[in-house]
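# Architecture at a glance
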Amino acid sequence: HLALALAYQLDDNIAESKVFAEKSLKLASNIKQKTAAETLQAALDQGSIRASLKSQEAFSSPASEIKSYFSSHKIIGPKLETISWKKDSEVHIVLKDFPIGSMPEIAKSTFIAKSQLALTEIRPKVDVLIYDKKLPSIKLQFSVGVD
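Now for a description of the structure that goes with this document. These numbers were taken from a predicted model, which means no experiment stands behind them. (Residues numbered from 1 in each chain as written. Predicted model: local features only at pLDDT ≥ 70, side-chain atom pairs only at ≥ 80, totals over all residues. Heavy atoms only, no water.)

### Some details on the overall build of the chain
Per the secondary structure count, the chain includes six helices and four strands. Traced from its N-terminal end to its C-terminal end, the chain shows the element sequence α-α-α-α-α-β-β-α-β-β. A sequence separation of at least 24 residues applies to 49% of the contacts in the chain between residues at least 6 apart. Carbon and sulfur atoms make up 55% of the accessible area of the chain, which amounts to about 8900 Å² in all. (Helix = DSSP H or I, 4+ residues; strand = E, 2+ residues; numbered from the N terminus. Contact = heavy atoms within 4.5 Å. Areas by Shrake-Rupley, 256 points an atom, 1.4 Å probe, with all protein chains shown as cover.)

### Topic: the sheet that holds strand β4 (residues 139–144)
Across the sheet, which stays open at both edges, the four strands sit in the order β1-β2-β3-β4 with mixed pairing between neighbours. Of all the strands in the sheet, just β1 (80–87) and β4 have a single pairing partner and so form its edges. When the angles between neighbouring strand axes are averaged without regard to direction, this sheet yields 20°. Where β1 and strand β2 (residues 90–95) come together, six bridges link them in antiparallel fashion. Of the residues in β2, the one forming a bridge with Thr 82 is Val 94. Relative to the sheet, helix α5 (residues 62–72) contacts β1, β2, β3 (126–132) and β4, its axis offset from that of β1 by approximately 155°. Sheet strands in contact with helix α6 (residues 105–118) are β3 and β4, and its direction is about 30° off that of β4. (Pairing = 2+ DSSP bridges. Axes fitted to C-alpha atoms, helices over the stretch in contact; angles between N-to-C directions.)

### Thoughts on the pairing of β3
Across the seven residues of β3, six count as buried, placing the element largely inside the fold. As paired elements, β2 and β3 share six bridges and run parallel to each other. Pairing of Val 94 across the sheet is with Tyr 131, part of β3. In the classification by handedness, the crossover that spans β2, the intervening α6 and the parallel β3 is right-handed. Here β3 runs beside β4; their pairing, made up of six bridges, is antiparallel. When the bridges of β4 are listed, Asp 127 appears paired with Ser 143. (Buried < 20%, exposed > 50% of the residue type's maximum accessible area, 1.4 Å probe, protein only. Right-handed = clockwise from strand over helix to strand, strands pointing away.)

### Thoughts on the side chain of Glu 90
Along the polypeptide, Glu 90 turns up in strand β2. No salt bridge forms around the buried Glu 90; measuring N to O, its nearest opposite-charge neighbour Lys 87 is 4.1 Å away. For Glu 90, the side chain forms a polar contact with the side chain of His 92, separated by 2.6 Å. If we ignore the near neighbours within four places in the chain, the residues touching Glu 90 are Ser 84, Trp 85, Val 126, Asp 127 and Leu 129. (Lys, Arg positive; Asp, Glu negative; His and termini not counted. Salt bridge = Lys/Arg side-chain N within 4 Å of Asp/Glu carboxyl O. Polar contact = N/O pair within 3.5 Å; in protein donor to acceptor, adjacent residues only side chain to side chain.)

Okay, structure coming up:
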């Protein structure tokens, strides 16, 4: 419904756009969808949809969501060296001075679970490989998102 609201707005059919924006808000199943729908409705009311789309994180790509999440992470962010994509479905995150090998299993499991939860809306699914620059053979490897 959100996509239809956008399409109608871009076609200058504001009335239909507002109808579908309201439907998308009612059907929103998580905070991200609700925020996107509310932002669209506010932009439609103000007539500033293009500016809203530029600043709305809900419309970002998987690459920008992953980059944003890990670069702003309180532990990973300061240690982040590089984020590179080996293919559309695989991202390599290199950290500086981050001893993955000495992390307790519970810490690894908790970190992976929180990352998967935070990045659950990514489509399509992305394989994440995290490793220290000095010891690239020791990795954290998990998937985020859904197909």
